[in-house]
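These are the residues of each chain, in order.
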Amino acid sequence: VKAAKEHSIPQDLNKVLENKVMETVLGLSHVKLSVVERTCSGDADSEGIVSKSVSSHSDLIPGVYEGGLKIWECTFDLMDYLSEAEIEFTNKTVLDLGCGAGLLGIVALQGEAARVHFQDYNSTVIDEITLPNVVANCSSEGRRMGREKDRKASKPPSKRPRKAEGSADVLSRCRFFSGDWSQVSQLLSNSNKPCLKYDIILTSETIYNPDYYSALHDTLAQLLDRNGHVYLASKVHYFGVGGGVYLFEKFIEDKNVFKTSLVKTIDQGLQRCIMEIAFKNSC
C-alpha cells in the first residue's frame, strides 16, 4: 500500500514550468509526455517509474506505476460528456481521482469550481505532469497557448522563459495528493478540519483491475457528499487485466450503497461508457 502524501505548491510557479515542453489538446495545455519520459530522472523521479515504464515497455506496472504518464482515451470521452451534459461546477468541491495529466480537474477549475483536488498513485506524476499542467492552464501564457489552434502552423516559440503570472488565485483552490486511494482517503479524514466531502468526483480508466474495486468503492463512499455525483469513464472491458464497466457495475450492485446509470456509450473502436454514480438515498 503506497503511503499518501500532500504535495506543496512551489512559491515560484515559473520553476514548475521550467524546461517543460507543452502541447495542446481540446484547448488545454499539457506537458509533452514523450519529453518527460526522456528527461525525467534522479530526484525528479524518486520512484523510478519513468525508467521502469520505458524499460518494460509497459503503460502499467501494478503496485508500482499506475498509468499516469499517459493520457488515456476515456479522459477525452468524459471531457466531451461534461460539456455536452452541461455539468455545473460553479462553487462545487471536485476531486479528480487517478488524475494523471489532471485535464478533468482543470476543466472543473475553468468551470469556476470552488475547490479542485487532484490525486494520482505516483508522486512523480503529480510533480512532473499534473502540477505543471494546472499552472500552464491557469497562467496567461498557458491560456495563450490553448487559444492557438495549430502549433505547427504558428511561428516558433520565443526563447523567453514561460511565465506563470495569474496562477496564484486559481492554485489557492487546488490541493495535490499522491498515494493509494485508501491512504489518501485516510489522510483527508484524519486532518484537523472536518472530513472533506466532494460534490463531484471525476475519474477515468480507473476500473481496469478488479483487485482495486473494493478500495475504489470505499474511497467513493467515504469522500462523496451524500448528494454528490461520480462521473466515471471506462472501457467496457480491459483485455488482459479483466476489469470493465459491467463488472464494476455488478460490484457496486452487490455492495448496495450506490446507484449507477450508464449515461453515454461510445462505440468507436473499443466500446466505452460514461457511468454516473450516486448514493442510493441521495436526492
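The coordinates are above.
This section reports on the structure supplied with the text. Just so it is clear, the structure is predicted and the values come from calculations on it, not from any experiment.

Looking at the pattern of salt bridges
Working step 1: Summed over all chains, the structure comprises eight salt bridges.
Working step 2: Arginine 272 is paired through a salt bridge with glutamate 73; the nearest N and O atoms lie 3.6 Å apart. Remark: glutamate 73 occurs in helix H4 (residues 73–84) and arginine 272 occurs in strand E10 (residues 272–279); sequence separation between them is 199 residues.
Working step 3: One salt bridge in this structure joins glutamate 84 and lysine 264, with 2.9 Å as the shortest N-O distance. Pair noted here: glutamate 84 is in helix H4 and lysine 264 is in strand E9 (residues 258–266), with a separation of 180 residues, a long-range link.
Working step 4: A cluster of three or more residues bridged by salt bridges with shared partners is formed by Glu73, Asp77, Glu205, Lys235 and Arg272.

Quick word on the packing of helix H10 (residues 213–223) against helix H11 (residues 245–255)
Working step 1: Running from N to C, H10 and H11 point in directions that differ by 60°, and their axes come no closer than 11 Å. Between H10 and H11, the crossing angle belongs to the class labelled oblique. The handedness of the crossing between H10 and H11 comes out as right-handed. Packed against H10, whose contacting residues are Tyr213, Ser214, Leu216 and His217, the element H11 presents Leu247, Phe248, Phe251, Ile252 and Lys255 at the interface.
Working step 2: Residue classes in the contact of H10 with H11 are distributed as six nonpolar, two polar and one charged.

Brief notes about the packing of aromatic side chains
Working step 1: A full pass over the atoms with the stated rule returns nine aromatic pairs.
Working step 2: Geometrically, the ring pair formed by tyrosine 81 and tyrosine 231 is tilted, given 6.2 Å between the ring centres and 45° between the ring planes. Placement of tyrosine 81 in helix H4 and of tyrosine 231 in strand E8 (residues 224–235) is noted, with a sequence separation of 150 residues between them. The two residues tyrosine 81 and tyrosine 231 agree in class, both being buried.
Working step 3: Relative to phenylalanine 251, the ring of phenylalanine 248 lies with its centre 6.4 Å away and its plane at 5°, an arrangement referred to as stacked. With phenylalanine 248 and phenylalanine 251 both in helix H11 and three residues apart, this pair spans about one turn of that helix.
Working step 4: Judged by relative accessible area, phenylalanine 248 falls into the buried class, the value being 0%.
Working step 5: A relative accessible area of 23% means that phenylalanine 251 is categorised as partly exposed.
Working step 6: Ring pairs connect the aromatic residues Trp181, Tyr208, Tyr212 and Tyr238, which therefore count as one cluster.
Working step 7: Above the face of the tyrosine 121 ring, lysine 2 is positioned so that its terminal group lies 5.7 Å from the ring centre.
Working step 8: When the ring centre of tryptophan 72 is taken as origin, the NZ or CZ atom of lysine 70, which lies over that ring, is 4.3 Å away.

Reading guide: rules and limits
- Residues numbered from 1 in each chain as written.
- Predicted model: local features only at pLDDT ≥ 70, side-chain atom pairs only at ≥ 80, totals over all residues.
- Heavy atoms only, no water.
- Salt bridge = Lys/Arg side-chain N within 4 Å of Asp/Glu carboxyl O.
- Helix = DSSP H or I, 4+ residues; strand = E, 2+ residues; numbered from the N terminus.
- Axes fitted to C-alpha atoms, helices over the stretch in contact; angles between N-to-C directions.
- Parallel < 35°, antiparallel > 145°, perpendicular 65-115°, else oblique.
- Left-handed = near helix turned anticlockwise from the far one by under 90°.
- Contact = heavy atoms within 4.5 Å.
- Nonpolar A, V, L, I, M, F, W, Y, C, P; charged D, E, K, R; others polar.
- Phe/Tyr/Trp six-rings, centres within 6.5 Å; stacked < 30°, edge-to-face > 60°.
- Buried < 20%, exposed > 50% of the residue type's maximum accessible area, 1.4 Å probe, protein only.
- Lys NZ or Arg CZ within 6 Å of the ring centre and 35° of its normal.

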